[in-house]
Amino acid sequence: KNGVRYSFIVFPFGGFVKIYGEQGEGEGDKTSFAGRPAWQRFIILAAGVGMNMVLAWIFFTAGAVAGIPSTSEGNAEDTPVSVIAVLPGAPAEAAGLRFGDQILELRAPDMSLRVESEGDVRDFVDAYRGEKIMLVIKRGGEITELGVIPRANAPEGEGPLGIAMDRLVLTRTPWYLAPIEGAKMLFRGVAATVLGFAFIIRELFIHGTKDIPVSGPIGIFFFAQDMRMLGSAYFLQFVGMLSVNLAVLNFLPIPALDGGRVLFLLIEKIKGSRIQPHLENAIHMAGFVLLILLMIAVTYKDIVRIF
């Protein structure tokens, strides 16, 4: 209708945008993507990334109103002790302990202790190294018990359980200041994501590390379930960071991604002429195939780790 082709997709998976001229056709036609100036093509290519950023800012703003999870400062005796990190391969991970779990009570065959401080957990665990103990935890609105055997000889700096603890509180922002706080969180999220991708590239291509902590759709789904159980404040932060990750990933100068197409625009401006469309399309297709293979590998890793 009016020059636009509308299509009904039977399987509603992923997103689909097909612009006339995207493959280089109609270069002399002003209605073609290929026939528009480079700066206009850049705006179009960056629009998806920009909307991911806007969406992240909206989630962060809503999260600021709901409450930002943060560690408490000073005396917080009424705040439960929470798990803020679980080391890979540690006994706590094997037992099923997760970020955000509140440790309420510790039990052994001859003793039971109500947890009032991080020191209570450390002292109790040290006293029962190599023996099975039970942790009474609160996850979301549910209380459950987890059995774990603290390591008798833990690696330096990891501890018998392999967890980090603190007291988490929700810091709420007034609605009229929430957009400003959301913008600050967006900036911090972008910085953290860029550093994270830099770490992955360094470990993969420089150090040759194979065991890199990344997740695909399956891993993200299960992690989202964990965040949802912790409450809306945690879930909003998670979805906001997910949107930031998508934005940064999509703007990397990798063929088939928007960042890869922007890279070709920069090359075009530097050399003063366009790269042959068939060559550019072939490079993007190769990048697309590599990304699909990477997604399959990461998904397989998720399945092995979770199931």
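Residues numbered from 1 in each chain as written. Predicted model: local features only at pLDDT ≥ 70, side-chain atom pairs only at ≥ 80, totals over all residues. Heavy atoms only, no water.

Before going further, it helps to examine the confidence of the model for the chain. Across the chain, the average pLDDT comes to 86, with 95% of residues at or above 70. Mean pLDDT across the elements of the chain bottoms out in strand β1 (residues 68-71) (77) and peaks in helix α1 (residues 38-66) (93). (pLDDT = per-residue confidence, 0-100. Helix = DSSP H or I, 4+ residues; strand = E, 2+ residues; numbered from the N terminus.)

Before going further, it helps to examine the nonpolar core. The biggest cluster of nonpolar side chains holds 20 residues, and the ones touching the most others in it are Leu97, Ile103, Leu106, Val121, Ile133, Leu135 and Ile163. Of all hydrophobic cores here, the second largest spans eleven residues; its members include Phe60, Ala64, Ile68 and Val248. (Core = buried A, V, L, I, M, F, W, Y, C linked by side-chain atoms within 4.5 Å. Buried < 20%, exposed > 50% of the residue type's maximum accessible area, 1.4 Å probe, protein only.)

What follows covers unusual backbone geometry. At Ala256, a residue that is not glycine, the phi angle is positive and equals roughly 90°. Tracing the backbone through its elements, the reader meets Ala256 in the loop between α6 (232-250) and α7 (258-271). On the basis of relative accessibility, which here comes to 25%, the residue Ala256 falls in the partly exposed class.

With that settled, the discussion passes to empty space enclosed by the protein. Any space left empty among the atoms is revealed by the rolling of a water-sized probe across them. Counting across every chain of the model gives two cavities of 30 Å³ or more. Considering only enclosed or pocket space, the largest cavity measures out at about 130 Å³ in volume. Breaking the lining of the largest cavity down by element, the ones donating at least two residues are α1 and α7. Per element, the largest residue contribution to the lining of the largest cavity is four residues, and it comes from α7. Partitioning the lining of the largest cavity into residue classes produces five nonpolar, two polar and six charged. Taken together, Arg98, Phe99, Asp101, Arg139, Asp226 and Leu230 make up the full set of residues lining the second largest cavity. The residue inventory of the lining of the second largest cavity, partitioned by class, reads two nonpolar, no polar and four charged. (1 Å grid on protein atoms, 1.4 Å probe; cavity = no way out; pocket = protein on both sides within 12 Å on 5 of 7 lines; lining within 4 Å. Points joined across faces, edges and corners; volume = space filled by probe spheres on them. Nonpolar A, V, L, I, M, F, W, Y, C, P; charged D, E, K, R; others polar.)

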